Amino acid sequence: MAGNWKMYKTPQETATFFQRFVPLVSGMSQCEIVIFPPSIDIAAAVASAGGSNIAVGGQNLYWGKEGAFTGEISAEMLAAAGARWVLVGHSERRHVVTHETDADVLKKTQAALAGGLTPIVCVGERLEEHKAGKTNEVLVKQFAAGVAGLTEEQFAQVVVAYEPVWAIGTGQTATPEIAAAAHKLIREEADKRFGTEAAAKMHILYGGSVKPDNIDGLMKEVEIDGALVGGASLDPDSFSKIVKAA
Ligand code: PGA
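Here we summarise the structure given alongside this text. (Residues numbered from 1 in each chain as written. Predicted model: local features only at pLDDT ≥ 70, side-chain atom pairs only at ≥ 80, totals over all residues. Heavy atoms only, no water.)

### Observations regarding the packing of helix H5 (residues 102-114) against helix H7 (residues 135-146)
The geometry of H5 relative to H7 is characterised by a closest axis approach of 8 Å and an angle of 45° between their N-to-C directions. Considering the angle they form, H5 stands oblique to H7. In terms of crossing hand, the pair formed by H5 and H7 is right-handed. The residues of H7 that touch H5, namely those facing Asp102, Val105 and Leu106, are Lys141, Gln142, Ala145 and Gly146. (Axes fitted to C-alpha atoms, helices over the stretch in contact; angles between N-to-C directions. Helix = DSSP H or I, 4+ residues; strand = E, 2+ residues; numbered from the N terminus. Parallel < 35°, antiparallel > 145°, perpendicular 65-115°, else oblique. Left-handed = near helix turned anticlockwise from the far one by under 90°. Contact = heavy atoms within 4.5 Å.)

### Considerations on the pairing of strand S4 (residues 85-88)
Going residue by residue along S4, you find Trp85 and Leu87 tucked away on one face and Val86 and Val88 tucked away on the opposite face as well. The pairing of strand S3 (residues 54-58) with S4 spans two bridges and is parallel. Looking at S4, one finds that Gly58 is bridged to Val86. Taking the sense of rotation as the criterion, the β-α-β connection linking S3, helix H3 (residues 75-80) and S4 turns out right-handed. In the sheet, S4 pairs with strand S5 (residues 118-123) via four bridges, with the strands oriented parallel. When the bridges of S5 are listed, Val88 appears paired with Val121. (Buried < 20%, exposed > 50% of the residue type's maximum accessible area, 1.4 Å probe, protein only. Pairing = 2+ DSSP bridges. Right-handed = clockwise from strand over helix to strand, strands pointing away.)

### Some thoughts on the sheet that holds strand S1 (residues 2-4)
Spatial strand order, S1-S2-S3-S4-S5-S6-S7-S8: eight strands in a closed barrel with parallel pairing. When strand polarity is set aside, the average angle formed by the axes of neighbouring strands in this sheet is 25°. On top of the sheet, helix H1 (residues 11-25) reaches strand S2 (33-36) and S3; it is set at about 165° to S2, its chief contact. On the sheet, helix H12 (residues 236-244) packs against S1, S2 and strand S8 (226-229) and is oriented at approximately 145° with respect to S2.

### Looking at the packing of aromatic side chains
Applying the stated criterion to the full structure yields 11 aromatic pairs. Ring centres of Phe17 and Phe18 lie 5.5 Å apart, and the angle between their planes is 75°; this geometry places the pair in the edge-to-face category. Taking relative accessible area as the criterion, Phe17 reaches 3% and is therefore assigned buried. Summarising the aromatic geometry, the rings of Phe21 and Phe239 are spaced 5.4 Å apart at their centres and angled 25° between planes, so their arrangement reads as stacked. With a gap of 218 residues between them, Phe21 in helix H1 and Phe239 in helix H12 connect regions that are remote in the sequence. The class of Phe21 is buried, set by a relative accessible area of 0%. Stacked on the ring of Trp5, the Lys or Arg Lys9 has its end atom at 5.2 Å from the ring centre. (Phe/Tyr/Trp six-rings, centres within 6.5 Å; stacked < 30°, edge-to-face > 60°. Lys NZ or Arg CZ within 6 Å of the ring centre and 35° of its normal.)

This is how it looks when you write it as structure tokens:
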């Protein structure tokens, strides 16, 4: 169960969140709990989560280890700050703040793994593609160019998140059936490239307007292994309710 805070919260607000959130989820071991704060808050999040069952991740990384890349952060830097996870290819990075390509996604995923982080690779179709019935085509392309280039060893360490862009931040979540069908397609692509066993082991999260009142329906689908939650992860009470549905 992953909480993507996007560009919300200061270090002080991060500490306040953890003071409330840690006791709400303490002792829960049925899933991994990861918070992805803005990078300026990672140190505060790691310090506040210390000794708890909550891990911390970065929302983005650059594939170089270090160098003249103004504004970027490497996997090694995230890991040194105490992050263990990283989001790769979030739709806002693909379509809003910058234009990350599938090739970038592959390079970032490889860099994350080389730097000791677990990447959550995000895929998903835009509204116009959804309306035009192109969901499968988009997912096949994103998987082929962004994930299939990994080695079998690398793929075994990757988590995938299916996030239909039309459902992100819109309050319009995909129905459990729509999400499950997309997850099944992604698993089939993984099966073709990496084999049945590796595909069965892969964790696929659903993301897009997940809330306490729709998480149960989503988690009933065997294809859905967890959730990547934006807005509803900013509040300790609502995110703890979502985590409990795991
Ligand atoms: P949302 O965001 O839950 O606010 O729709 C999900 C995400 O972008 O990961």
